[in-house]
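Now for the letters of each chain:
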Amino acid sequence: MSDQAQRLREKLSVRSAASSSYSSKTAKTRVIAVTSGKGGVGKSNVSLNFALCLQQKGQKVVLFDMDVGFANIDVLMGISTRRNIVDLIDKRLSIWDIIERGPNDLEFVAGGSGLSQIFELDEIKLHYFFEQLTHLHGYADTIILDTSAGMSKDTLRFLLAADEVILVTTPEPTAITDAYALVKMAHSQKYDIRFNIVVNRAVGGKEGKVTGEKLVLVAREFLNLEMNMLGFIYDDVHVSKAVKKQQPFCLAYPRSKAANCIRNLTEAYLTGGKEANTEGMKGFISRLRVLWK
Ligand SMILES: Nc1ncnc2c1ncn2[C@@H]1O[C@H](COP(=O)(O)OP(=O)(O)O)[C@@H](O)[C@H]1O
Ligand SMILES: [Mg+2]
């Protein structure tokens, strides 16, 4: 283990120990990073439809497209955005200037094609970026980050700083092994990282469950890490039909199997136990600051 990894772990564990017990009154703005080991497994569709379902349940949600090089949440909603994160930094806009509204008035922030530059910002620009993000503290109940697939150092920072991670995989062995590799890597940097597994494109409930449980068991046995199997989504032609219509599937086909699954999954998320968290968005930003050094 490198000295740097050790220091990081210590810093992060001090922070989580500092949080007191969870209470809906004090909890502010949970940050969820949605990711996958392999690309193309349904991360953006899960992020978008999960965001809409949380909103339907009365939550205030802001969805961020942080998929460097493949930002396309706007395309999934059929919206051409005017401003994005890169504009925020380059033109010194405020966070409120770049939040756009999608279907059902879902608030979202587009990534933009030059998103990779946020990882190379100088001290002043980085400070400005973080300061603007801090304004969301207490504004939203949940911030969802649709991140890049794989194990890039840049994406890893978001996973480590977030309150929890939704890990999307399909039942295909290639997706599962890539998902596990990501879990292993992230866990080596943050031993108490919270993973929620979503098995997408399952041909049936059994395949969905078995795939998720396999991942949970392997992480338990080899990493001593408890992951949460959040749910599965059927392989459903309505998803690609909705993508072609550039509408979220839970709105375009609310009675489809996939829409039913994402609602179940949202319900499971909302009823599942939440760990102590009173730092909200500010906690996320302070962890990001540490990780960025
Ligand atoms: N549950 C599903 N059933 C059928 N097709 C799906 C499902 N989820 C995703 N897809 C297909 O996979 C494609 C990629 O999904 P997307 O969410 O863009 O993946 P990612 O963000 O991981 O790259 C979609 O355009 C759709 O055609
Ligand atoms: Mg995507």
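Residues numbered from 1 in each chain as written. Chains lettered and ligands numbered in written order. Predicted model: local features only at pLDDT ≥ 70, side-chain atom pairs only at ≥ 80, totals over all residues. Heavy atoms only, no water.

Visitor: How should I be thinking about the sheet that holds strand 6 (residues 164–169) in this particular structure?
Guide: Pairing between the strands of a sheet is mediated by backbone hydrogen bonds and can be parallel or antiparallel. Ordered by their spatial adjacency, 8 strands build an open sheet running 3-4-2-5-1-6-7-8, and the pairing between neighbours is mixed. Because the sheet does not close on itself, it has two edges, and the strands there are strand 3 (100–101) and strand 8 (228–234). Where strand 3 meets strand 4 (residues 107–109), 2 bridges bridge the pair, whose relative direction is antiparallel. The partner of R101 across the bridge, within strand 4, is E107. (Pairing = 2+ DSSP bridges. Helix = DSSP H or I, 4+ residues; strand = E, 2+ residues; numbered from the N terminus.)

Visitor: Can you walk me through the site of ligand 1 in this structure?
Guide: Residues in contact with ligand 1 amount to 15 residues; listed here are only the nearest, K43, S44, N45, N200 and D236. Here S44 contributes a backbone N or O atom positioned 2.9 Å from an oxygen atom of ligand 1. Contact distances for ligand 1 include 2.9 Å between a nitrogen atom and a backbone N or O atom of Y234. Expressed as a share of its isolated accessible area of 560 Å², the protein-covered part of ligand 1 is 82%. Mapped by element, the contributors of at least two residues to the shell around ligand 1 are helix 2 (43–56), strand 7 (195–202), strand 8 and helix 10 (237–245). For the shell around ligand 1, the residue count by class is 5 nonpolar, 6 polar and 4 charged. (Near = heavy atom within 4 Å. Polar contact = N/O pair within 3.5 Å; in protein donor to acceptor, adjacent residues only side chain to side chain. Areas by Shrake-Rupley, 256 points an atom, 1.4 Å probe, with all protein chains shown as cover. Nonpolar A, V, L, I, M, F, W, Y, C, P; charged D, E, K, R; others polar.)

Visitor: Just checking my understanding: could you explain the pairing of strand 5 (residues 142–147) for this structure?
Guide: Taken residue by residue, a regular strand's side chains alternate between the two faces of the sheet. Among the 6 residues of strand 5, 6 are classified as buried, and the element is accordingly described as predominantly covered. Relative to strand 5, strand 1 (residues 30–35) runs parallel, the two sharing 5 bridges. Residue pairing across strands places V31 opposite I143, the latter belonging to strand 5. Note: strand 2 (residues 61–66) against strand 5, 6 bridges, orientation parallel. In the sheet register, F64 faces strand 5, and the bridge partner there is L145. (Buried < 20%, exposed > 50% of the residue type's maximum accessible area, 1.4 Å probe, protein only.)

Visitor: What should I look at first to understand helix 9 (residues 205–223) in this one?
Guide: Working note: α-helix, 3.6 residues per turn, so residues spaced by three or four point in the same direction. Taking 1.5 Å of rise per residue, the 19 residues of helix 9 would be expected to cover 27 Å, and the 26 Å separating its terminal C-alpha atoms lies within 8% of that figure. Of the residues making up helix 9, those classed as buried are G208, T211, G212, L215, V216, A219 and L223. Taken down its axis, helix 9 places every buried residue within 130° of arc, on the same side. Facing away from the buried surface of helix 9 by more than 90 degrees, the exposed residues are K206, E221 and F222. Residues of helix 9 that are buried in the fold lie against strand 6, helix 8 (173–189), strand 7 and strand 8. A positive phi of about 60° marks N224, the residue just after helix 9. (Expected span 1.5 Å × (residues − 1). Arc of directions from axis to C-beta. Contact = heavy atoms within 4.5 Å.)

Geometric values such as these leave the question of function open.
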